[in-house]
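# Observations on the three-dimensional arrangement
As a plain string of letters, each chain reads:
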Amino acid sequence: MTDELSGTPDYTMGYGEEYLQALLRVSASANAAYLLPHLEPGLRVLDFGCGPGTITIGLAEAVSPGEVHGVDMEASQIDLARMFAERYGRDNAAFHVGDVTDLPFEDDAFDVAHCHNVLMHVPDTQAVLREVKRVLKPGSLIASREMIAESSFTHPDFGVIRKAWDMFEDLLAADEGHPQMGKDMKSHFIEAGFASIRVGASFDTYTTPEEVAFIYGIALQWFLSPEITEAAIKYGAATPELCKHIGIAYEKWKDHPGAFAAVAHGEMLARKPPP
């Protein structure tokens, strides 16, 4: 499921309205909090795999009057990012359609590079890290926050929802992705020649009635949509019966007083060594 022209994978999550709503919940304060203390006015930042730019505009605010450049392979996401930047008055944020393995920037162009749930989707991790390292100045910072799928959970499980996570992992792996990238990052960054590596972890949690309803909506309208279930069945990640039982379990879950979901992430900061 790889785009043979760019070397960049088809995005497993797709670009449907349901998953877009999940992306729009993401922000710098919530999802790049580990990076924000290291930012200061005047820095030049690369946000690669920026999606609709909801983190990018927060990074732009943190480094203003410095500038942030967001890059994403999907033109519709870049259109959204530009719209949000205009809406929030972030004229120091620029957005580009591009491939993260072939960035449209000169060597040593940035003080900071950032990504969120990007490396988990790219087949060739080293190709991405080499390219990002190229455009970073010596001594500059790279920050990455990536999912750890096997540590994420939905509770109560009703004996089947964990299999939905397994199904997601199998589908992502079939798309040449890396569902445990959040805990594999350190090895990848060492291999790529980065130094001063600091690793942490955190959860995105969902427990209020509104958050539970949101997760249920994602499960029903995206994860259990015909497009996704058919792909999962095609790649041997699920059966029609399993998808049916997962749907029944989520119906129970959304009304359960103890309903709680959490998505685990690894967080890493590293630096490009000086020459």
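What counts, and where the lines are drawn
Residues numbered from 1 in each chain as written. Predicted model: local features only at pLDDT ≥ 70, side-chain atom pairs only at ≥ 80, totals over all residues. Heavy atoms only, no water. Core = buried A, V, L, I, M, F, W, Y, C linked by side-chain atoms within 4.5 Å. Buried < 20%, exposed > 50% of the residue type's maximum accessible area, 1.4 Å probe, protein only. Helix = DSSP H or I, 4+ residues; strand = E, 2+ residues; numbered from the N terminus. Contact = heavy atoms within 4.5 Å. Salt bridge = Lys/Arg side-chain N within 4 Å of Asp/Glu carboxyl O. pLDDT = per-residue confidence, 0-100. Polar contact = N/O pair within 3.5 Å; in protein donor to acceptor, adjacent residues only side chain to side chain.

In globular proteins that are soluble, nonpolar side chains generally tend to be buried together. Residues L46, F48, I142, F189 and W253 are the most contacted members of the largest nonpolar core, which totals 60 residues. Looking at which element gives the most residues to this core, the answer is helix α8 (residues 209-223), with eight residues. When residues no more than four places from it in sequence are discounted, the contact partners of F48 are V71, V100, A113, H114, C115, V118, L119, V128, V132 and I142.

It is worth spelling out the pattern of salt bridges at this point. When the charged atoms of two side chains lie near each other, side chains of opposite charge can form a pair. Under the criterion given, the structure shown has twelve salt bridges. The closest approach of N and O atoms between K254 and D255, which form a salt bridge, is 3.1 Å. D255 sits in the exposed class, given a relative accessible area of 56%. In the salt-bridge network here, residues are joined through shared partners; they are D107, E131 and R134.

Before going further, it helps to examine helix α5 (residues 125-135). An α-helix turns once every 3.6 residues. As a result, residues three or four positions apart point the same way. Counted residue by residue, α5 has eight buried out of eleven residues, so it is predominantly covered. Turning to α5, its buried residues are T125, Q126, A127, V128, L129, E131, V132 and V135. On the buried face of α5, the contacting elements are β1 (44-48), β4 (110-116), β5 (136-147) and α7 (181-191).

On to the confidence of the model for the protein chain. Per-residue pLDDT for the protein chain averages 90, and the proportion of residues at 70 or more is 91%. Below pLDDT 50 for its whole length, residues 1-16 participates in 45 contacts with residues either more than four positions away or in separate chains.

Positionally, S152 belongs in the loop between β5 and β6 (153-155). By relative accessible area, which is 1% here, S152 ends up buried. With 111 residues separating them along the chain, S152 and V263 place their C-alpha atoms 4.5 Å apart. With near-sequence residues (within four places) excluded, S152 lies in contact with M147, R162, W165, A262, V263 and A264. Side-chain polar atoms of S152 contact the backbone oxygen of I148, separated by 3.1 Å.

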